[in-house]
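Structural overview for review
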Amino acid sequence: MPVREPFPAAERAGRRSVPALCLGTVLLVLLLPALALYGQDVRTGAAFAVQCVVVAHTGGALARVLTDPLIRVVGFGFWLFCYVWLGLAPLAMLATDSYPWGFAVDAGTAFTSAVLVETGLLAYSAGSALAGRRTPRGSPVLEPLLARRITPVRTLLLCGLSLALAAVLVPAQGGPAAFFQSRQAVNEATAQGDPGGAADQALAAWSLSVPAFWALLALLYVPRTPGGDRTLRGARWILLPVLAAVNAVVNNPVSQPRFWAGTVLLTLVFAAPALRRPRAFRAGAATVTAMVLLVFPYSDYFRHDRREPVEVVSLAEQFTSNGDYDAFQQIATGVDHVRENGHELRDALGPPLFFVPRAVWPGKPDDAGIALARHAGYSFENLSAPLWIESYMWAGIPGVVAVFALFGAAGRRIDGVRHRLRGHGGTLAALAVTAFGFYQIILLRGSLLFVTGPLTLLLLTPVLITGRPGRTAPGRAHSEPPSPGPPTGTATAPGPAPAGTAHRTALSTTSTGEART
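Residues numbered from 1 in each chain as written. Predicted model: local features only at pLDDT ≥ 70, side-chain atom pairs only at ≥ 80, totals over all residues. Heavy atoms only, no water.

Right, let's talk about the confidence of the model for the protein for a bit. Across the protein, the average pLDDT comes to 81, with 80% of residues at 70 or higher. Across the protein, helix α3 (residues 46-66) holds the top mean pLDDT of 95, while helix α1 (residues 9-13) sits lowest at 40. Under a pLDDT of 50 for its full length, residues 1-13 has, in the predicted model, 26 contacts with residues more than four places off or in other chains. A low-confidence stretch, residues 471-517 (pLDDT under 50), is modelled with 135 contacts involving residues beyond four sequence positions or located in other chains. (pLDDT = per-residue confidence, 0-100. Helix = DSSP H or I, 4+ residues; strand = E, 2+ residues; numbered from the N terminus. Contact = heavy atoms within 4.5 Å.)

Together, Val 26, Leu 27, Leu 30 and Leu 31 give the surface a local cluster of nonpolar side chains, amounting to about 360 Å² of exposed area. Along the polypeptide, Leu 30 turns up in helix α2 (residues 18-37). (Patch = residues over 30% accessible without salt bridge, like charges linked within 9 Å, V, L, I, M, F, W, Y side chains within 5 Å. Areas by Shrake-Rupley, 256 points an atom, 1.4 Å probe, with all protein chains shown as cover. Salt bridge = Lys/Arg side-chain N within 4 Å of Asp/Glu carboxyl O.)

Here we take up the packing of aromatic side chains. For the structure on display, the rule yields 28 aromatic pairs. With a centroid separation of 5.2 Å and 55° between ring planes, the pair formed by Phe 270 and Phe 438 is classed as tilted. Of this pair, Phe 270 sits in helix α11 (residues 258-270) while Phe 438 sits in helix α17 (residues 428-445), and the two are 168 residues apart along the sequence. By relative accessible area, Phe 438 is classed as buried at 5%. Three or more aromatic residues joined by ring pairs make a cluster, and in this case those are Phe 78, Trp 79, Phe 81, Trp 85, Tyr 124, Phe 259, Phe 296, Phe 319, Tyr 325, Trp 388, Phe 404 and Phe 407. (Phe/Tyr/Trp six-rings, centres within 6.5 Å; stacked < 30°, edge-to-face > 60°. Buried < 20%, exposed > 50% of the residue type's maximum accessible area, 1.4 Å probe, protein only.)

The next point concerns the pattern of salt bridges. Close approach of charged atoms allows side chains of opposite charge to pair. Going through the model one piece at a time under the given rule, you end up with 9 salt bridges. A single salt-bridge network, built from bridges that share partners, covers Arg 358, Asp 366, Arg 374 and Glu 381.

By size, the foremost hydrophobic cluster in this structure holds 128 residues, and its most contacted members are Phe 76, Phe 78, Trp 214 and Trp 388. The element best represented in this core is helix α4 (residues 73-96), accounting for 19 residues. Counting residues in hydrophobic clusters, the runner-up holds 9 residues, among them Ala 166, Val 170, Val 246 and Val 249. (Core = buried A, V, L, I, M, F, W, Y, C linked by side-chain atoms within 4.5 Å.)

What follows deals with the side chain of Thr 155. Assignment of secondary structure puts Thr 155 in helix α7 (residues 152-172). For Thr 155, a relative accessible area of 0% corresponds to the buried category. Among the polar contacts made by the side chain of Thr 155, one reaches the main-chain carbonyl oxygen of Thr 151 at a distance of 2.8 Å. With residues up to four places along the chain from it excluded, the contact list for Thr 155 reads Ile 150, Ala 218, Leu 219 and Val 222. (Polar contact = N/O pair within 3.5 Å; in protein donor to acceptor, adjacent residues only side chain to side chain.)

By secondary structure assignment, the location of Val 210 is in helix α9 (residues 198-221). Considering only alpha carbons, one finds Val 210 and Pro 454, 244 residues apart in sequence, at a separation of 8.0 Å. Apart from residues lying up to four places away in sequence, Val 210 is in contact with Trp 260, Leu 457, Leu 458 and Thr 461.

All right, on to helix α5 (residues 107-133) then. For α5, with 27 residues, the first-to-last C-alpha span of 39 Å sits near the 39 Å given by 1.5 Å per residue. With a side-chain oxygen positioned 3.0 Å from the backbone nitrogen of Gly 108, the residue opening α5 is Asp 106. (Expected span 1.5 Å × (residues − 1).)

Let's shift gears to unusual backbone geometry. Excluding glycine, a negative phi dihedral is what most residues carry, and trans is how most peptide bonds are arranged. Cis geometry marks the peptide bond from Gly 446 to Ser 447; its omega dihedral reads 0°. Turning to its location among the elements, Ser 447 is positioned in the loop between α17 and α18 (448-464). Here the phi dihedral of Asp 97 falls at roughly 55°; this positive angle occurs in a residue that is not glycine. Mapped onto the elements, Asp 97 comes out in the loop between α4 and α5.

The next thing to look at is the packing of α5 against helix α16 (residues 387-420). With their axes 6 Å apart at the nearest point, α5 and α16 run at an angle of 30° to one another. In this view, α5 runs roughly parallel relative to α16, as classed from their interaxial angle. Considering how the two elements wind past one another, α5 and α16 form a crossing that is right-handed. Here the contact of α5 with α16 is composed, by residue class, of 16 nonpolar, 6 polar and 2 charged. (Axes fitted to C-alpha atoms, helices over the stretch in contact; angles between N-to-C directions. Parallel < 35°, antiparallel > 145°, perpendicular 65-115°, else oblique. Left-handed = near helix turned anticlockwise from the far one by under 90°. Nonpolar A, V, L, I, M, F, W, Y, C, P; charged D, E, K, R; others polar.)

What follows covers the packing of α16 against α17. For any two helices packed against each other, the geometry is given by the interaxial angle and the distance between the axes. Here α16 crosses α17 at 160°, and the two axes come no closer than 12 Å. Accordingly, the angle class assigned to the pair α16 and α17 is roughly antiparallel. With respect to the hand of their crossing, α16 and α17 are arranged in left-handed fashion. Contact with α16, carried on its side by Leu 387, Trp 388, Phe 407, Ile 414 and Arg 418, involves Ala 429, Ala 430, Val 433, Thr 434, Phe 436, Gln 440, Leu 443 and Leu 444 of α17 and no other residues of that element.

Right under this line is the structure:
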């Protein structure tokens, strides 16, 4: 019979630091926007006023996540994207009437786009708040799923598979040197090849990248018995350097999209036991926020064959001239597209049925990013289509509200389960949720048809190498008998329940055309 788990002391006594929250809010809502607009001839208007509300909303929410006593990796990924790509960047665009691409955004379209973004944010906040207000005893599906733990045998099988794929596919794509070409060279080679083979090349690339990433991550954090397992320990010593070298080739930031390379690196870092503690997570998340604002704009150094010296420019110039920040302009393009062509609900079938070939489904919806690029008349089509505009193109404002309310509720529940299981390494909560939290930036940026396939592979792979957890104390092997309960006053993290059994934990829940790179 399942034992009622103690209410974790860290969650009972955790309190948000009010001075830290106030300091973070002032920095994100007032100081950084002022810095972004410093020295600019600011043009105000209705759209600019709504955008100020968006900045206040996203900055305040990000400050709350960064000071939350609970670990909210999914919430952090969401609000980080919204603050930078849909908060600060559009603020600079609207203030200067300057955009990365050539599509002209008129005042009416800009106002509608800003309202659309804020509507999605309000729906997300409402869904998250409702999910956080509830204190469920445990989800009969989500909690047992995220409590699954990596198994040594399946991990070694995945390592073997990833090495076999690398041995076959790396030479087939030109050898290791081909993986250190610039993104420009890769795109040009793809454009000169067979158009029908682009999908095959993308499939081969993800078939290399994702298994190699998960093999390395699983091998690092696979649970081990207290007495040690000589076979596993020996295999780890042999495989870890080999898999690290494979990942350095297939997941490097030179030829791979920076968002994906960042997902790999940040997942490896934030899955570490030290960063599963609330205080360490908050410090790490604050560091990532600073890196995204200060370093990311210059991380495209390897994008082109001809590399110019790095020139430091203002935030406003980065936001208004760099295609990486085109999310708001793409939303505005989508608003104009809907004004001319109307909504199309059937397009929502495209992402979940991404695996159906067009030869079988001739009427399969186009990639939303491509549709927007064609509407704008661009000569390049590899552009983003944020989730806001995709859901708006499907069903208007009701579609945006429904999608983001569900997204906010699901993210909050996932964060809650991950926090409860934070004391247990090698679980889907510790690894897969972390990977999703950072990949979420790619998901939100879109388009869905472009990212759903890799996302499916990213989430399905760890499920296949995990098994049902045993009744063990935190950090102990499955075969080890549980030790007596801790002394009075000692707080312990709750252990994962067997699959199919709900936790009985009361939780107080006080996450060129080269624009996708």
